[in-house]
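One-letter residues, chain by chain:
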Amino acid sequence: VSIGGNLGVVEETGMRTTRLRDDTGRLIILSNGDIGQVINYSRGPYRVVVDAAVTADTTMDAMTRVAEATGKRLAQDGSPLTNVALRGVTGMNAASVTYRIDAEVPSEHRLVAEPQLREALRQTLRDLGVPLT
């Protein structure tokens, strides 16, 4: 969960406090009266988003093929990442176009998912001859 900017796993919920354990092992104790918003990451899949800046002459069709090939690569590697898809252009300039690619992953794998998607995307771009900028 994420509570007031603190991200961690709920270890205990009491009458007055809630205890979270963050990724580094720190115990965070929050007063229940101070909790205004809770984001629960354990409900449903977690979406991982990666932006890739490629040369300006790279087409949307080429990036669609990259996304599909990245999804196949991840599936062959036994990755928990699924539903890899190109979402479109998020930025551009004279030299490059930035495309957004995302995927779904079960929440328990969310911490390793983004680096895994980035590496598979990098390898696929290299294999298909699409240069990064």
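Residues numbered from 1 in each chain as written. Predicted model: local features only at pLDDT ≥ 70, side-chain atom pairs only at ≥ 80, totals over all residues. Heavy atoms only, no water.

Thoughts on the nonpolar core
Here comes step 1: If you look at the biggest cluster of nonpolar residues, it comprises 22 residues, and the most contacted ones within it are Met63, Leu81, Ile101, Leu117, Leu121 and Leu125.
Here comes step 2: Each residue touching Leu117, except ones within four places of it in the same chain, is listed here: Val48, Val50, Thr70, Leu74, Leu81, Ile101 and Ala103.
Here comes step 3: Ile3, Leu20, Ile28 and Leu30 belong to the second largest nonpolar core, which has five residues in total. (Core = buried A, V, L, I, M, F, W, Y, C linked by side-chain atoms within 4.5 Å. Buried < 20%, exposed > 50% of the residue type's maximum accessible area, 1.4 Å probe, protein only. Contact = heavy atoms within 4.5 Å.)

A look at the sheet that holds strand β6 (residues 38-39)
Here comes step 1: Overall, antiparallel pairing links the three strands, which are arranged β2-β1-β6 in an open sheet. The sheet is open, and its two edges are formed by β2 (6-7) and β6, each paired on a single side.
Here comes step 2: As paired elements, strand β1 (residues 2-3) and β2 share two bridges and run antiparallel to each other. Across the sheet, the residue bridging to Ile3 is Asn6, located in β2. (Pairing = 2+ DSSP bridges. Helix = DSSP H or I, 4+ residues; strand = E, 2+ residues; numbered from the N terminus.)

So, the pairing of strand β9 (residues 96-105)
Here comes step 1: Counting buried residues along β9, eight of its ten residues qualify, which places the element largely inside the surrounding structure.
Here comes step 2: As defined by bridge partners, strand β7 (residues 46-55) adjoins β9 across ten bridges and the pair is classed as antiparallel. Considered in β9, the bridge of Asp51 is made with Arg100.
Here comes step 3: With seven bridges connecting them, strand β8 (residues 82-92) and β9 associate as antiparallel partners. By the bridge assignment for β9, Met92 is matched with Val97.
Here comes step 4: Between the end of β8 and the start of β9, which pair antiparallel, lie three residues.

What to know about a nonpolar patch on the surface
Here comes step 1: The grouping of Met60, Val89 and Met92 at the surface amounts to a nonpolar patch, some 310 Å² of accessible area in total.
Here comes step 2: Looking at where Met92 falls in the secondary structure, it is placed in strand β8. (Patch = residues over 30% accessible without salt bridge, like charges linked within 9 Å, V, L, I, M, F, W, Y side chains within 5 Å. Areas by Shrake-Rupley, 256 points an atom, 1.4 Å probe, with all protein chains shown as cover. Salt bridge = Lys/Arg side-chain N within 4 Å of Asp/Glu carboxyl O.)

Description of the pairing of strand β4 (residues 17-21)
Here comes step 1: On β4, burial follows the alternation: Thr18 and Leu20 on one face are buried, whereas Thr17, Arg19 and Arg21 on the facing-out side are not.
Here comes step 2: As paired strands, strand β3 (residues 9-13) and β4 are joined by four bridges and run antiparallel to one another. Its bridge partner lying in β4, Val10 is registered against Leu20.
Here comes step 3: What sits between the antiparallel neighbours β3 and β4 is a turn of three residues.
Here comes step 4: Relative to strand β5 (residues 27-31), β4 runs antiparallel, the two sharing five bridges.

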